[in-house]
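# Commentary on secondary and tertiary structure
Spelled out, the chains give:
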Amino acid sequence: MPYYSNLRYDFKDRNHRKYVAQKIIALKNQLERDIPQKKSEDALTIATWNIRDFGKSNRRGYGQRTKDSLYYIAEIISSFDLVAVQEVNELDEWEKVMDILGSSWDYIATDVTHTGLGGNGERLTFVFDRRKVQFKNIAGEIVLPKEMLISDSEITETDDPLAHGKQFRRTPFVVSFQSGWFKFDICTVHIYYGEGRSGLAQRISEIKTIADYLSKRADKVLAKDKKATILLGDFNIIRPDHKTMLALEENGFTIPKSIKSKKANVLETMHYDQIAFKCEQEIIDFVDSKANSGVIKVFDSVFQLSDEDFRFYKDELLKSSNAKQNDESDESLQTYYKDWRTYQMSDHNVLWARINNNNSIQYLNRIHLG
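Rules used in this analysis
Residues numbered from 1 in each chain as written. Predicted model: local features only at pLDDT ≥ 70, side-chain atom pairs only at ≥ 80, totals over all residues. Heavy atoms only, no water. Pairing = 2+ DSSP bridges. Helix = DSSP H or I, 4+ residues; strand = E, 2+ residues; numbered from the N terminus. Axes fitted to C-alpha atoms, helices over the stretch in contact; angles between N-to-C directions. Buried < 20%, exposed > 50% of the residue type's maximum accessible area, 1.4 Å probe, protein only. Salt bridge = Lys/Arg side-chain N within 4 Å of Asp/Glu carboxyl O.

Below, the discussion takes up the sheet that holds strand β1 (residues 43-54). Taken in spatial order, the six strands line up as β3-β4-β2-β1-β11-β10 in an open sheet, and their pairing is mixed. For this open sheet the edge positions go to β3 (105-109) and β10 (293-296), each flanked by a neighbour on one side alone. Taking the axes of each pair of neighbouring strands and ignoring which way they run, one obtains an average angle of 20 degrees across the sheet. Judged from the six bridges that link them, β1 and strand β11 (residues 350-356) form a sheet pairing that is antiparallel. Note on β11: the bridge partner recorded for Leu44 is Ile355.

Here we take up the pairing of β11. Counting buried residues in β11 gives six out of seven residues, a clear majority hidden from the surface. Direction of pairing for β10 relative to β11: antiparallel, over a ladder of four bridges. Counterpart to Ile296 in the pairing with β11 is Val350.

With that settled, the discussion passes to the pattern of salt bridges. For the structure on display, the rule yields 23 salt bridges. A salt bridge links Glu75 to Lys28, with the shortest nitrogen-to-oxygen separation between them at 3.4 Å. Within this pair, whereas Glu75 is found in helix α3 (residues 67-78), its partner Lys28 is found in helix α2 (residues 14-34), the two being separated by 47 residues in sequence. A salt bridge links Arg123 to Glu90, with the nearest nitrogen and oxygen atoms 3.6 Å apart. Of the two residues, Arg123 is situated in strand β4 (residues 123-129) and Glu90 in the loop between β2 (82-88) and α4 (92-101); the sequence distance between them amounts to 33 residues. Classification of Glu90 by relative accessible area gives partly exposed; the value is 45%. Overlapping salt bridges bring together Asp307, Arg311, Lys314 and Asp330 as one network.

One can find Glu32 in helix α2. With relative accessibility at 47%, the residue Glu32 sits in the partly exposed group. The spatial distance from the C-alpha of Glu32 to the C-alpha of Asp330 is 34 Å, given a sequence separation of 298 residues.

Below, the structure is given as structure tokens:
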């Protein structure tokens, strides 16, 4: 569990400290209700979360994250064994979350994407509990060969891809881990969103390309030592029957039905975030149940649309430059608060899956029957 000892130092005001403690308790109760307890040695619980503009200065006029938010974010992350996090920018703010998580937690992050490439200066990050997950010393960003470069239009079989080609706007990040008996390569992405017809074509092309690239790699490691490949993150997928989803599935990745049906954005309108597998069927069978996957709604317990939470954070949101452009009536500020809170937590909920990481019986049976 996170370290709470600094609450007294981070919140000098006693009433503020009590309020944050109360919210953490509510959040803990929600997480205990919605996620199987991670204490089990026979299961690994992973998640993907796009944390909006994390570490970015001023964040589009919505101001800095409060210390309250950092405690709430750490509490959510601590409920899992490994979390892929998108939209981490500079790491100073992230290090504060790591301090709250404590010494058993570690992370691996990419460098920031270059300006001018549509990458928004973002890092892709894995944060993991070392008591349950081992980093296997292999990590890398995916750089495409010439024949796989991405197009900003739909390429036909007769087109030359080199005439269209470019790398990913935000380079996917793949890392090797092990938990118990379960060996896996896990790749996180934040697929380019884009605008209009051309933007959608690039989005589909990026999804197809990462699935194709990783599928070929997955076939090799699965055949060699039964290592699974997991592809997860923010794909900006519109709906299960849309081209954006088909682009992910057509190269052999399986999205369990229990995950595919989830709408992961806060507004619950889109299927942006997904977790896909290329692995032995029993892993899919384990994940594909209501008990072994789900969505954590980040505003069920904190920064709620209640008069109490609005009034508690009213002075804080008034510090942001965007708020100063509004009239300061409660009605106007309450509307602004709905957006402001997504820059405190996120505009995405958390998508998670639980995986069986103990195949000792299968291993022994292979020896016994071999």
